[in-house]
Structure formats: structure tokens, C-alpha cells
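# Examination of the molecular architecture
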Amino acid sequence: MKQTEVLLQPNPNARIEEFVYEKLDRKAPSRMNNPELLGQYMIDAGNEFGPGTAYGNALIKCGETQKRIGTADRELIQTSAINFLTPLRNFIEGDYKTITKERKLLQNKRLDLDAAKTRLKKAKVVEARAAQLNTSQPEENNIMVNVSYVLNLLHVKWLKIWAEEVTKSEQEVRITQSEFDRQAEITRLLLEGISSTHAHHLRCLNDFVEAQMTYYAQCYQYMLDLQKQLGSFPSTFLSNNNQSSSTPMQSVSTPSVLASASASLPSVSNSIVTSGISELKSSSGSRKARVLYDYDAANSSELSLLADEVITVYSIPGMDSDWLMGERGNQKGKVPITYLELLN
């Protein structure tokens, strides 16, 4: 149970705080978790860079996704606490403690019973020896014989005490046996009730696994959507750089002219890339394209790509604007436009 709490809440200070508020029967204050904090920092940084810039927009999108992951993480913790940790904690602090206490008491009763049986066995052995002694008065008036008789008489009295001990031990064995049987019955009934408890906790464990499945499925979907949204940003920067390097620039001495030229250059290169893709989509022909980044196909309708390889791309009617059809030998499938650089 403790390791599950560590998994759900790695921060020990937060766990201590939740424990204190729980003992005080008060609701703990709501605080942002790590993914939500990261998302907020990314959004703040994106706003500083400017939502209109590619990098600032990408940071904002990443921050929003991290916040959604943080919300899903919060839901996982709440669901796990209600459906798994709370029933398990109640069992450990309630029924399990009772069962452990009764089993320890049963063990003590068994030790008492064993000790009583040992004393009874010893008393019976001494009683058997007493029955074999001859306590008759000797006929000869000899001092040594009289001394022996006195010693035997004392011995007999001592043995009679052990005979009384036998009766007492037998009674003690009956009492301890009765207490042991009663405690064994109590423990047996408690242990039989564990079968139903196991069934209940099995359902709780199943709920915990389902909550984890939902959480990881949500995170995967969030990141998949984010990957598709961010696909355009890296290739846009690279395309801008390529277009900038291929565009001759005259050296100017006026700072204002230099600033104006550098500000207008990205829009020009963007228009070139966009026009090339639009021309390809409007025509029925095909073009060669170089792959900028590795891409793993998400399903059988897509084509996996390796960086720097050259493939043939073309458009088909009704296709999403962010995708083209790609061919590599006998393989074909959809490829994202943002991973490609069209060649002349």
C-alpha cells in the first residue's frame, strides 16, 4: 500500500500533508501537480516569446497538453484513492489488525496448553514412582533402618504432594484446552470471512488497473495529438533556413533596411513552400521530396520514413491538407507534409 502511495504521489512532503489533513478530518488545499506546473511555465514562456511566433505557439500547445496530462493524473490519484487505497487501508487498519491479534492470542493459548500438558505428564511420572515405594514399619530396631524409614516417609509425603499436583494439572489442562478450542473457533470464523474480503479487494484491484489504463490511454492520445500539431514547426524553421540560404541577399549599410529585410524573409520563404505544396495538390502529377525527420507510421495506412531519404509524393482527391501520398519502391502510404522538403 505504501509503494502504491509513492507511485501516485512521489512527493513525500505532499503525502505527509495529506496524512495530517486526513487525521484532522479536513480537506487538503488543492495544489498544482508537476505536469500542471510544467504546463503553466510553458504557457507563460510561450506568451513571452509571442503567441504569433512559431516557437511561442508551440510552447503554448505543449503547455496546454501538459495541463491536460496533469488533470488526468489528478483524476487517476482520486480514482485510485477511492476505489483501491481507501478500502485496502480500512482492511489493514481494521479487519487485518483484528485477525492478527486473534491469531497471536491463539498462539499464546496453544503455548499455555502445551505447558499444562507438560506439567501433567511430569506429575503423573512422579505419582507412578510413589506407588512403587514401600512405606511399611520395619521390625528391626536399627538406627540406620529408622533413618531410612524417616527419609522414605518424607519422600512419600513429597510424592503425595505431586499426586495432588496431578489432579490440579488435569484441571488446568481441561481449562486451557477449552480456552484454546474457543479461540481456535474465533480465529477460524475470522479467516473464513477473508474469502469474501479477497473477492472485494480483487474488484478494487481491477478498478485500479482500469484507472491506470484510462490514464495512460489519455496521455497517449494527448501526446499523439500534440505530435501532429507540432509537426509543422521544426520543418518550417528548416525550410525557412533553406530558402534563406538559397536566396541571395545584398549587403546593406542602413540598419532600418536590414531589419525590414530580415523581417520579411520568413514570410517570403513560407509562401514559397506553401505555393509548392498547393501546386502539387492542385495538379495530378508527382514530385520528389526529401525526408527531414524519421517518422514511425501510426497505422497501416501511413508510410514510415527515414531522415534524408528521397521518396515520391503526390496528392489524391479528398485527402487531408496536412498529408500527401508517398511511395518508396513497392511501399506506399500517407506521409505528413511537415516532414518533407519538396525538391525541384
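Nothing here was measured: the structure is a model prediction, and the numbers come from that model.

Sheet analysis places strand 3 (residues 323–328) next to strand 4 (residues 331–336), joined by 6 bridges and oriented antiparallel. Bridge pairing in strand 4 links L324 to V335. Once strand 3 ends, the chain turns through 2 residues before running back antiparallel as strand 4, passing G329 with a positive phi of about 65°.

Glancing now at the sheet that holds strand 1 (residues 286–291). With antiparallel pairing, the 5 strands of this open sheet are ordered in space as 4-3-2-1-5. The open sheet has two free edges, formed respectively by strand 4 and strand 5 (340–342), since each of these has just one partner strand. Within this sheet the neighbouring strands show an average axis-to-axis angle of 40°, counted without direction. The pairing of strand 1 with strand 5 spans 3 bridges and is antiparallel. If you follow R290 over to strand 5, its bridge partner there is E341.

With that out of the way, let us pick up the pairing of strand 1. Examined bridge by bridge, strand 1 and strand 2 (residues 310–314) share 5 bridges and lie antiparallel to one another. Bridge pairing in strand 2 places K288 opposite T312.

So, on to helix 3 (residues 34–49). The α-helix advances 3.6 residues per turn, and as a result positions three or four apart in sequence lie on the same side. With 16 residues, helix 3 extends 23 Å between its outermost C-alpha atoms, agreeing within 8% with the 22 Å of an ideal straight helix rising 1.5 Å per residue. Taken as a whole, helix 3 has its buried residues at P35, E36, G39, I43 and G46. Along the axis of helix 3, the buried residues cluster in a sector spanning 95°; they form a single face. Exposed side chains of helix 3 directed beyond 90 degrees from the buried face belong to N34, Y41, E48 and F49. The distance from a side-chain oxygen at the start of helix 3 to the backbone nitrogen of E36 is 3.0 Å, and the residue carrying that oxygen is N33. Following helix 3 by one or two positions, G50 adopts a phi angle in the positive range, close to 110°.

Taken together, the side chains of L202, L205, V209 and M213 define a hydrophobic patch exposed on the protein surface, amounting to about 380 Å² of accessible area. With respect to the element layout, L202 can be found in helix 6 (residues 194–230).

If you trace the backbone, E164 turns up in helix 5 (residues 143–192). The exposure class assigned to E164 is exposed, which follows from its relative accessible area of 58%.

Take the nonpolar core next. One finds L305, I311, V313, L324, V335 and L340 to be the most contacted residues of the largest nonpolar core, which totals 16 residues. Secondary-structure elements contributing two or more residues to this core are strand 1, strand 2 and strand 3.

Taken as a whole, the protein shows an average pLDDT of 76; of its residues, 67% reach a score of 70 or greater. Overall, residues 134–138 carries pLDDT values under 50, and its contacts beyond four positions in sequence, including any with other chains, amount to 6 contacts. Every residue in residues 234–273 is under pLDDT 50, and counting partners more than four places away or in other chains gives 22 contacts.

As a further point, take the packing of aromatic side chains. This structure, assessed with the given rule, holds 6 aromatic pairs. Where Y215 meets Y216, the ring centres are 5.1 Å apart and the plane angle is 65°; that geometry is what we call edge-to-face. Assessed through its relative accessible area of 12%, Y215 is described here as buried. Each ring, one from Y295 and one from W323, has its centre 6.4 Å from the other, and the planes form 70°; the classification is edge-to-face.

It is worth spelling out the environment of E172 at this point. Following the sequence through the fold, E172 ends up in helix 5. When its relative accessible area of 29% is taken as the criterion, E172 is described as partly exposed. For the pair formed by E172 and L113, sequence separation is 59 residues and the distance between their alpha carbons is 8.5 Å. Every residue in contact with E172, bar those within four places of it in the chain, is listed here: A116 and R119.

What counts and how
Residues numbered from 1 in each chain as written. Predicted model: local features only at pLDDT ≥ 70, side-chain atom pairs only at ≥ 80, totals over all residues. Heavy atoms only, no water. Pairing = 2+ DSSP bridges. Helix = DSSP H or I, 4+ residues; strand = E, 2+ residues; numbered from the N terminus. Axes fitted to C-alpha atoms, helices over the stretch in contact; angles between N-to-C directions. Expected span 1.5 Å × (residues − 1). Buried < 20%, exposed > 50% of the residue type's maximum accessible area, 1.4 Å probe, protein only. Arc of directions from axis to C-beta. Polar contact = N/O pair within 3.5 Å; in protein donor to acceptor, adjacent residues only side chain to side chain. Patch = residues over 30% accessible without salt bridge, like charges linked within 9 Å, V, L, I, M, F, W, Y side chains within 5 Å. Areas by Shrake-Rupley, 256 points an atom, 1.4 Å probe, with all protein chains shown as cover. Salt bridge = Lys/Arg side-chain N within 4 Å of Asp/Glu carboxyl O. Core = buried A, V, L, I, M, F, W, Y, C linked by side-chain atoms within 4.5 Å. pLDDT = per-residue confidence, 0-100. Contact = heavy atoms within 4.5 Å. Phe/Tyr/Trp six-rings, centres within 6.5 Å; stacked < 30°, edge-to-face > 60°.

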